[in-house]
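Remarks on the overall topology
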Amino acid sequence: MRIKDFTHFDRILIFIIGAMIVLQFPINLSRLAGVGFFQSDYFLLMFALVLALAMLNLVISIKSPLRETQFLGIMILFNIWIFAMGIIESNNDAILGIRYFIFPFFVYLLLIGREFPIFFYVSSGFWKIVLLGHALGILYFYGNLIGRVYPGIGVQSVAYAAIFFLINRNPVLAGISILLIVLEGKRSILLSLMITFIFLRLVKLNVAGRLIYSIFGGILISAILVIALLLIADMEGTVLINRINDLNPFSDRYDIFLGTSGRLGEIVSFFGNQSLGSVLIGSGSGFEYEWALGYDSAASGEEKGYLHMSALNYIAAGGMLGAITFYYMACLPFKASNLTDHLQIRTTAFGLGLFSIIQSFSGFSLSTDAISLLFIICPALINPAASKLKPRKP
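Residues numbered from 1 in each chain as written. Predicted model: local features only at pLDDT ≥ 70, side-chain atom pairs only at ≥ 80, totals over all residues. Heavy atoms only, no water.

What about the side chain of Thr325?
- Residue position: Thr325 is located in helix H17 (residues 310-331).
- Look at Thr325 and you get buried, because its relative accessible area is 1%.
- Side-chain polar atoms of Thr325 contact the backbone oxygen of Leu321, separated by 2.8 Å.
- If we ignore the near neighbours within four places in the chain, the residues touching Thr325 are Ile74, Met75, Phe78 and Tyr314. (Helix = DSSP H or I, 4+ residues; strand = E, 2+ residues; numbered from the N terminus. Buried < 20%, exposed > 50% of the residue type's maximum accessible area, 1.4 Å probe, protein only. Polar contact = N/O pair within 3.5 Å; in protein donor to acceptor, adjacent residues only side chain to side chain. Contact = heavy atoms within 4.5 Å.)

Quick word on the environment of Met235
- Within the secondary structure, Met235 is located in the loop between helix H12 (207-232) and helix H13 (239-245).
- Met235 sits 16 residues away from Ser251 along the chain, and the two C-alpha atoms are 8.8 Å apart.
- With near-sequence residues (within four places) excluded, Met235 lies in contact with Ile241, Asn242 and Asn245.

Observations regarding the packing of helix H4 (residues 69-88) against H17
- Interhelical geometry of H4 versus H17 gives an angle of 175° and a closest axis separation of 10 Å. In this view, H4 runs roughly antiparallel relative to H17, as classed from their interaxial angle. Residues Gln70, Phe71, Ile74, Met75, Leu77, Phe78, Trp81 and Ile82 of H4 lie in contact with H17, whose contacting residues are Tyr314, Ala317, Gly318, Leu321, Gly322, Thr325, Tyr328 and Met329.
- Among the residues making up the contact of H4 with H17, the classes are represented as 12 nonpolar, four polar and no charged. (Axes fitted to C-alpha atoms, helices over the stretch in contact; angles between N-to-C directions. Parallel < 35°, antiparallel > 145°, perpendicular 65-115°, else oblique. Nonpolar A, V, L, I, M, F, W, Y, C, P; charged D, E, K, R; others polar.)

Overview of unusual backbone geometry
- Phi angles above zero are rare outside glycine, and Glu68 is one such case at about 55°.
- Here Glu68 shows up in the loop between helix H3 (36-60) and H4.
- Phi is positive for Ser90, which is not a glycine, with a value near 60°.

Concerning the packing of aromatic side chains
- This model, assessed by the stated rule, comprises 32 aromatic pairs.
- Seen in terms of ring centroids, Phe164 and Phe165 are 5.5 Å apart; in terms of plane orientation they differ by 85°. Their pairing is edge-to-face. Each member of the pair Phe164 and Phe165 is classed as buried.
- By way of ring pairs, the aromatic residues Phe119, Phe120, Phe126, Trp127, Tyr160, Phe164, Phe165, Phe355 and Phe375 are connected into one cluster. (Phe/Tyr/Trp six-rings, centres within 6.5 Å; stacked < 30°, edge-to-face > 60°.)

Here is the structure:
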């Protein structure tokens, strides 16, 4: 499917969403380097842009049939619930706090009647551009920024490229993608990618095969992991090795709160002060807590209004309803099986969505990242015209 096969509005969305993916890494480097516009204003601008495009698409596609209305209903119910709880709990930021959970609703509106996500399932040229951007960014980082900024500089776009090239049988570019992930030092992205690869392998097996693969594969991976941790425990190497050793119980660097970049501290600080009833019904939008176990001593005691782990953020705000909402969202990538008869395209759609869900367990992506949400939701909403797709050679 070529660019000219899309509608004019789909072409506009391909350009905008594509630019957001390609520029994701350079913009993150600029943010870490202290460029003010990219530390706050840019993300507010992108948030507003997605909302504006979603509302425009709603007008354009007003007659298009709604798909996956259960998800739409759950999202509306969830947001009403957490807003009501925020008011009941007298949260100071109940209105603004809803922004962390309303984003999937607008991404849904953006996808109504649209076909533009198909482009990202079939265009190897696009993902090669993404890789080039990461390669140039890495050269700039190691030449000008290393030692001056936070070492975990990676973003999800290079993992999307790795998934695309692996599924589309281009091991060289898949390997380059993984190498770039290692050099960028983002542990959560590397771990999420490994889990995604394993899961993509498992779904191809029958029940008995999955059991055998899981048992023996689990034993082998555990043994390799222990040996690797022992070997690198005393190493002072790349950014990624140093950051892994922060979580390595065999290393002198081991510090569980530092190693989880404050995530564990957030969980203990928030849920440690909640009753069972409060956890079940949620604290509502705009909840706040004291980050008693911060990333470092300077951060300890800071007031926070969110948890970095997206699943727990939903539970913190909405309790059991939040857990149900997240679970339903996590199931959406599995609907890629209905997308098309072409295995590579179907698997690419599933892989990109699955990675986005897995990575959200360590990141705040479901509240701030339109690209992650798009890849999660679109397998369930994509226009049936996708069934006409034919895979391209990578």
